Amino acid sequence: MKKALGFGVALAALVAAIPASAVELSIALGSIGQDVQEMRSQLAKFEEETGHTVKLVEMPASTTDQFGQYRLWLAAQNPDIDVYRTDVIWAPQLAANLVDLSEAMADRVDKHLPSVIESQTVDGKLVAFPMYTDAPALYYRTDLLEKYGKEPPKTWTELTETAKEIQDKEREAGNNQLNGFVFQGAPYEGLTCDGLEWVASNGGGQIVSPEGEITINNEKAAQALEMAKGWVGTIAPEGVLAYKEEESRGVWQTGNAVFMRNWPYAYPLSAGDDSAVKGKFDVMPLPAGASGESAACLGGWNLAVSQYSQHQEAAIDLVRFLTSEQSQKERALSTARLPTIPSLYDDPEIAEAQPIVARWDEVVATAVPRPSAPTKGQYNEVSKEFWTAVNETLAGRGNAADNLDQLEKRLRRLKRSGWE
């Protein structure tokens, strides 16, 4: 009887310790690498500190699929999702359904990269707040470059030549699975990033200019895509036409690629004990094209609160927690996610644990944005048309010049009287 009474007292004390306002929240996010594990760890700390509980709603890895589902839920005014993890390009398209965080985050805005805050501000409303930013890297096998007396490539031409030579010589020696280069060639948002990098580094512009002009149909853009087309079946496997981030990492991390284009999240995974390339690789900015400049596509993820959430105050508390300096530091330490708080790039703990983070501040500062701002709510359609044209070119279905000419016509039909 005393034991039962003791249990009752303990239970009562536990219940009393939980705030009366405690609620159950939900957060939706996609995952590549260790995103879900990392989020679960940080949510556990939030739950312990606040008494709230948080349900994690896992989305497909494809950003294209995520966006489609988000748009359906928000159009239906779904109250079941309180917080959405959103891509840096989605703010103009989802803004009407998201809570303005300007007042709630007024004390923190100045600590973050101004360009990222600006990218999440639509018609004067701060509709999402940054978790981390992103800019891709060229991963390369230091052991193989050293073996063949090669320097890390400064241009796409050098990459093509080095990848071909090492691949061919290794295959002649019996390493038949080795590929020269892997990247993201599947028809989805990731290919828009890769394609934009090839085009911009070759002086071909940004698909649509910051002023809203359609600029993609030009000779330099066509040359860049023809260059990439030449990789498929030579230094890149035919299967690259279906690769997203994780497929590329899978080939690379098993030791079957000389070079890989991917985001910084792949750095700690490549350095893990189960990685065939541990201690055998390094990273550098993407190669330059004919323009003489490297072009890294600006990425990154933010947190937005749904207007249809029934717990907006608690949801904002969750956003504040997950975007705080401490959370960003933990994320950088564990998964090499790039902070949006500039001071963290000088943090000695981060520099020791994840060297890529400390080295990547300048890459982030000069990264090329996708044209979501000028194309507004039509960006997703613009991107889909672009990645389709790029994938068709890579697959040999038409040449780059003809495909870009058709792309321009489709974009003009989308634009009609202006971007909306």
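Here's a quick rundown of the structure.

Each value, and the rule that gives it
Residues numbered from 1 in each chain as written. Predicted model: local features only at pLDDT ≥ 70, side-chain atom pairs only at ≥ 80, totals over all residues. Heavy atoms only, no water. Helix = DSSP H or I, 4+ residues; strand = E, 2+ residues; numbered from the N terminus. Rg over C-alpha atoms; globule rule 2.2 N^0.38 Å. Contact = heavy atoms within 4.5 Å. Phe/Tyr/Trp six-rings, centres within 6.5 Å; stacked < 30°, edge-to-face > 60°. Buried < 20%, exposed > 50% of the residue type's maximum accessible area, 1.4 Å probe, protein only. Lys NZ or Arg CZ within 6 Å of the ring centre and 35° of its normal. Salt bridge = Lys/Arg side-chain N within 4 Å of Asp/Glu carboxyl O.

## A short note on the overall build of the protein chain
If you tally the helices and strands in the protein chain, you get 19 helices and 11 strands. Expected size for 420 residues packed as a compact globule is a radius of gyration near 22 Å; at 23 Å, the protein chain falls within 12% of this value. A principal-axis box enclosing the C-alpha atoms of the protein chain has dimensions of 80 × 55 × 35 Å. Across the protein chain, every contact between residues at least 6 apart in sequence was considered, and the portion connecting residues at least 24 apart equals 73%.

## Brief notes about the packing of aromatic side chains
One pass over the full model with this rule turns up 17 aromatic pairs. Ring centres of tryptophan 198 and tryptophan 231 lie 5.6 Å apart, and the angle between their planes is 85°; on these two criteria the pair is classed as edge-to-face. On the criterion of sequence distance, the pair formed by tryptophan 198 in helix H8 (residues 189–201) and tryptophan 231 in the loop between helix H9 (219–229) and helix H10 (245–253) is long-range, its members being 33 residues apart. The two residues tryptophan 198 and tryptophan 231 agree in class, both being buried. By way of ring pairs, the aromatic residues Phe67, Tyr70, Trp73, Tyr84, Trp90 and Trp301 are connected into one cluster. Sitting over the face of the ring of tryptophan 301, arginine 85 holds its NZ or CZ atom 4.6 Å from the ring centroid.

## Comments concerning the pattern of salt bridges
Counted by the stated rule, this structure contains 27 salt bridges. Between arginine 359 and aspartate 282 there is a salt bridge, with the nearest N and O atoms lying 3.2 Å from each other. Of this pair, arginine 359 sits in helix H15 (residues 355–359) while aspartate 282 is found in strand E10 (residues 281–284), placing the two residues 77 residues apart along the sequence. On the basis of relative accessible area, aspartate 282 is assigned to the partly exposed category, the value being 22%. By sharing partners, the salt bridges in this structure join Asp35, Arg85, Asp134 and Arg337 into a single network.

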